[in-house]
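Structural overview
Given next are the chains, with one letter for each unit.
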Amino acid sequence: MAGRFDLPEPDAFTRTYWDAAAGGRLLIRRCGACGRAHHYPREFCPHCWSEDVTWETASGRATLYTWSVVHRNDLPPFADRVPYVAAVVELAEGPRMMTEIVGTAVHPSGRAPELSGGAELEVAFREGIPVFRPVPTV
């Protein structure tokens, strides 16, 4: 069987992030110098270049910034998931992250009618990978 292209290869630095995700927690990094949060995890702040950054548990809340329905992806295991929604979400803490939107139907026309810009989302985890789903409306 061919390798999977959806699972991370943690290194010494990112292992903290992936271990937390495997336990159902989304981590971000926050700078002690400028106070801004960032994602993806880096050892320095991308805003002010300070190395005074620490791990912080994110709220798991986000809004949908942009998305696209993927209809073809031949890499394993994506071929079994098409169509799926690839997205960029804006975390409540400020940073944007690339992810997948789950728990929403993709119409045969190729649209995801439940989604709209600014939609409220919450984090979920699939095999230790953070994905997002629409927040249920009451």
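From a predicted model like this one, the values you see are computed outputs, not experimental measurements.

Each value, and the rule that gives it
- Residues numbered from 1 in each chain as written.
- Predicted model: local features only at pLDDT ≥ 70, side-chain atom pairs only at ≥ 80, totals over all residues.
- Heavy atoms only, no water.
- Phe/Tyr/Trp six-rings, centres within 6.5 Å; stacked < 30°, edge-to-face > 60°.
- Lys NZ or Arg CZ within 6 Å of the ring centre and 35° of its normal.
- UniProt positions renumbered as here; feature names shortened; annotations may be inferred.
- Helix = DSSP H or I, 4+ residues; strand = E, 2+ residues; numbered from the N terminus.
- Buried < 20%, exposed > 50% of the residue type's maximum accessible area, 1.4 Å probe, protein only.
- Arc of directions from axis to C-beta.
- Contact = heavy atoms within 4.5 Å.
- Pairing = 2+ DSSP bridges.

Before going further, it helps to examine the packing of aromatic side chains. Summed over the entire model, instances satisfying the criterion amount to four aromatic pairs. With a centroid separation of 4.8 Å and an interplanar angle of 85°, the aromatic rings of Y17 and W18 are classed as edge-to-face. Note that R29 overlies the ring of W55, its terminal NZ or CZ placed 4.5 Å from the centroid. The ring of Y40 carries the charged tip of R42 above its face, separated from the ring centre by 4.1 Å.

According to UniProt, the feature "domain: ChsH2 C-terminal OB-fold" (unreviewed entry) maps to residues 55-126 in the numbering used here. Secondary structure across residues 55-126 comprises 0% helix and 47% strand; the distance between its end C-alpha atoms is 21 Å.

Another point: helix α1 (residues 15-22). The set of residues buried in α1 consists of Y17, A20 and A21. Each buried residue of α1 lies within a common arc of 100° when the element is viewed along its axis, so the set occupies one face. Looking at the buried residues of α1, the elements they touch are β1 (27-31), β3 (53-57), β6 (96-101), β7 (120-126) and β8 (129-134). Downstream of α1 by a residue or two, G24 has a phi angle that is positive, lying close to 85°.

With that settled, the discussion passes to the pairing of strand β4 (residues 61-70). Relative to β7, β4 runs antiparallel, the two sharing three bridges. Each residue of the ladder has a partner; that of A62, found in β7, is L121. Sheet analysis places β4 next to strand β5 (residues 84-91), joined by eight bridges and oriented antiparallel. Within the sheet, the bridge partner assigned to V70 lies in β5 and is Y84.

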